[in-house]
Amino acid sequence: MSNIPNVDVIDLDSIDVTNLNRQFLFRQKDVGSSKAEVAAKFINERCPWMKVTPHHGMIQDKDLNFYRSFNCIISGLDNVEARRWLNATVCSLVELDEDGDPDPETIIPIVDGGTEGFAGQARVILPRITSCFECSLDSFPPQKTFPLCTVAETPRLPEHCIAYAFTIQWPTVFPDKKLDSDSPDDMKWVYEKALIRSQKYDIEGVTYMLTMGVVKNIIPAVASTNAIVSAACVNETVKLLTFCSQTLNTYMMFMGKSGVYSHTFVYEKKDNCPVCSATVRKMQVSPKMTLNELLQTLRDGDLRLQAPSVTAATSGKTLYMQKPAALQKITKVNLDKKLNDLIEDGEELTITDPLFPGTSLGLSIFFEN
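Being a predicted model, the structure only gives us computed values, none of them experimental. (Residues numbered from 1 in each chain as written. Predicted model: local features only at pLDDT ≥ 70, side-chain atom pairs only at ≥ 80, totals over all residues. Heavy atoms only, no water.)

Draft legend 1. View of the overall build of the protein. Assigned secondary structure in the protein consists of 10 helices and 12 strands. What you see for the protein is a C-alpha radius of gyration of 23 Å, in line with the 21 Å of a compact globule of 369 residues. Burial status across the protein gives 42% buried among its 369 residues. Long-range contacts, defined here as pairs at least 24 residues apart, represent 59% of the contacts in the protein between residues at least 6 apart. If you sum the accessible surface of the protein, you get close to 20400 Å²; carbon and sulfur atoms cover 53% of it. (Helix = DSSP H or I, 4+ residues; strand = E, 2+ residues; numbered from the N terminus. Rg over C-alpha atoms; globule rule 2.2 N^0.38 Å. Buried < 20%, exposed > 50% of the residue type's maximum accessible area, 1.4 Å probe, protein only. Contact = heavy atoms within 4.5 Å. Areas by Shrake-Rupley, 256 points an atom, 1.4 Å probe, with all protein chains shown as cover.)

This is the structure in structure tokens:
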């Protein structure tokens, strides 16, 4: 109806019974089926002028040509790491001219939306033009985890009992089977074991819904919030594709807990963003710091990398590579070596990480006196 007939949808999840209360695409008979396939089938039958193509799998399974084929991408991902990966992937598709300016023909807009209970947000990202998702990473706190000693020895919260069931009991009982958070049978097993443990320690509050939330690290969704944010995302997409109106610049926040209220603001680009900026970062460290300690700093610090690999840009020496296994084995010996034995003061390192496909981060290391 908006003259946008061709849509591809990709989703790894299968339909759970808890999905039925906040949307209109799935029915009871669809529980256990692919979300992408059921949604595409429903829309194609209801709207015959549409051609919705489903893809059941991870976004990381698709190559660059898949993402390059679109005019606009709507991101409705449920975790920060996947959104970072998609953002970096689409930003890496932008080609720069001789002056370092982005080629407009290679810019694929991203419309990113997310909800958290009664709150939600929608934003428009023009890769290399506006701020990207990585620029705003500081506004997303790291995932909450529970100390293993507390989970195993002194549980005090219902979440501790659930964490014990799926992190300790499941691997013990099913050493060769990975827990499937989308399987009703697997989740029922975790819930029942967590309930038994909670009764043992006289802890109240373990429910099936809480079990789902802890295992998947999700906050229960509110149907009205989902509807408002998804409508905002589609509205921005139509504007981007048809040029019918001015697009959002760049961030809309919806707050529905105490009323129907929203506001917009411009999220500024981060000068040293590892994705949309070519700036070489500088880091001052002790010369006695080991390579392993540097990698841990890159994981725990503001960059929040996942599995960084390091090459000395000046000499071209590979300091540590996560993959392939043969190269990882050869470079593993460098992990316990001090940095001043591996690189020169002020030397630039090239950092790659699975979160940033198709791009790399420049990092100059300066030793403290």
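Once you've had a look at it, read on.
Draft legend 2. Summary view of helix α5 (residues 158–173). If you check α5, its first and last C-alpha atoms are 21 Å apart, about what 16 residues at 1.5 Å a residue would give, namely 22 Å. Where α5 bends most, the angle comes to about 30 degrees, and this point is Ala165. Every buried residue of α5 is accounted for by Pro158, His160, Cys161, Ile162, Ala163, Tyr164, Ala165 and Trp170. (Expected span 1.5 Å × (residues − 1). Bend = angle between axes of the 7 residues up to and from the residue.)

Draft legend 3. The packing of helix α6 (residues 184–200) against helix α7 (residues 208–216), seen in detail. Two numbers describe how α6 lies on α7: the axes approach to 10 Å, and their chain directions differ by 105 degrees. Comparing their axes, α7 and α6 come out roughly perpendicular. Across from Pro184, Met187, Lys188, Val190 and Tyr191 in α6, the residues of α7 making contact are Tyr208, Thr211, Met212 and Val215. Looking at the contact of α6 with α7, its residues break down into seven nonpolar, one polar and one charged. (Axes fitted to C-alpha atoms, helices over the stretch in contact; angles between N-to-C directions. Parallel < 35°, antiparallel > 145°, perpendicular 65-115°, else oblique. Nonpolar A, V, L, I, M, F, W, Y, C, P; charged D, E, K, R; others polar.)

Draft legend 4. Up close: the sheet that holds strand β12 (residues 361–367). The five strands are arranged β8-β12-β11-β9-β10 in an open sheet whose pairing can be described as mixed. The strands lining the two open edges of the sheet, one partner per strand, are β8 (281–285) and β10 (318–320). The average undirected angle you get between the axes of adjacent strands in this sheet is 30 degrees. As paired strands, β8 and β12 are joined by five bridges and run parallel to one another. Bridge pairing links Gln284 to Phe366 in β12. Of the strands in this sheet, β8, β9 (309–312), β10, β11 (348–352) and β12 touch helix α9 (residues 291–300), which is tilted by about 70 degrees from β10. (Pairing = 2+ DSSP bridges.)

Draft legend 5. Broad picture of the nonpolar core. Counting residues in hydrophobic clusters, the biggest one holds 49 residues, and the most contacted among them are Leu349 and Ile365. Those elements giving two or more residues to this core turn out to be α2 (64–68), α3 (80–92), β8, α9, β9, β10, β11 and β12. The residues contacting Leu349, other than those within four sequence positions of it, are Leu294, Val310, Thr311, Ala312, Ala313, Leu319, Ile343, Leu361, Gly362, Leu363 and Ile365. By size, the runner-up hydrophobic cluster in this structure holds 14 residues, among which are Ala165, Trp189, Ile203 and Val214. (Core = buried A, V, L, I, M, F, W, Y, C linked by side-chain atoms within 4.5 Å.)

Draft legend 6. Just the pairing of β12, in detail. Of all seven residues in β12, six are buried, a share of seventy percent or more. Pairing of β11 with β12, which is carried by four bridges, proceeds in the antiparallel orientation. Residue pairing for β12: Thr350 is matched across the bridge by Gly362.

Draft legend 7. A look at the sheet that holds strand β4 (residues 110–116). Overall, mixed pairing links the five strands, which are arranged β3-β4-β5-β6-β7 in an open sheet. Of all the strands in the sheet, the pair left with one neighbour each is β3 (73–75) and β7 (261–265). Strand-to-strand, the axes of this sheet are offset by a mean angle of 15 degrees, without reference to chain direction. Bridging between β4 and strand β5 (residues 119–125) involves seven bridges; their strand directions are antiparallel.

Draft legend 8. Region of interest: the state of the cysteines. Scanning the entire structure with this criterion turns up zero disulfides. For Cys72, which is in no disulfide, the shortest distance to another cysteine sulfur is to Cys233 and amounts to 9.7 Å. (Disulfide = S-S within 2.5 Å.)

Draft legend 9. Region of the structure containing the pattern of salt bridges. This model, assessed by the stated rule, comprises 10 salt bridges. Between Lys35 and Asp13 there is a salt bridge, with the nearest N and O atoms lying 3.8 Å from each other. In this pair, Lys35 sits in helix α1 (residues 35–46) while Asp13 sits in the loop between β1 (6–11) and α1, placing the two residues 22 residues apart along the sequence. The burial state of Lys35 is the same as that of Asp13; both residues are buried. Members of the salt-bridge network, linked through shared partners, are Glu81, Arg84 and Glu134. (Salt bridge = Lys/Arg side-chain N within 4 Å of Asp/Glu carboxyl O.)

Draft legend 10. Expanded view of the environment of Ile129. Here Ile129 is to be found in the loop between β5 and α4 (148–153). Separated by 187 residues in sequence, Ile129 and Gly316 place their C-alpha atoms 31 Å apart. Here Ile129 is in contact with Pro102, Ile107 and Lys269, once residues within four sequence places are set aside.

Draft legend 11. Structural context of the environment of Val151. As for its position among the elements, Val151 is in helix α4. Of the residues examined, Val151 reaches a relative accessible area of 2% and is grouped as buried. Counting along the chain gives 64 residues from Val151 to Asn87, while the straight-line C-alpha distance between them is 34 Å.

Draft legend 12. The arrangement of a negative patch on the surface in detail. A cluster of acidic residues, Asp97, Glu98, Asp99 and Asp101, forms a negative patch on the protein surface. In this structure, Glu98 sits in the loop between α3 and β4. Overall, the relative accessible area of 86% leaves Glu98 in the exposed class. (Patch = residues over 30% accessible without salt bridge, like charges linked within 9 Å, V, L, I, M, F, W, Y side chains within 5 Å. Lys, Arg positive; Asp, Glu negative; His and termini not counted. Charge placed at Lys NZ, Arg CZ, Asp CG, Glu CD.)

Honestly, that's just the spatial picture; any functional story needs more than this.
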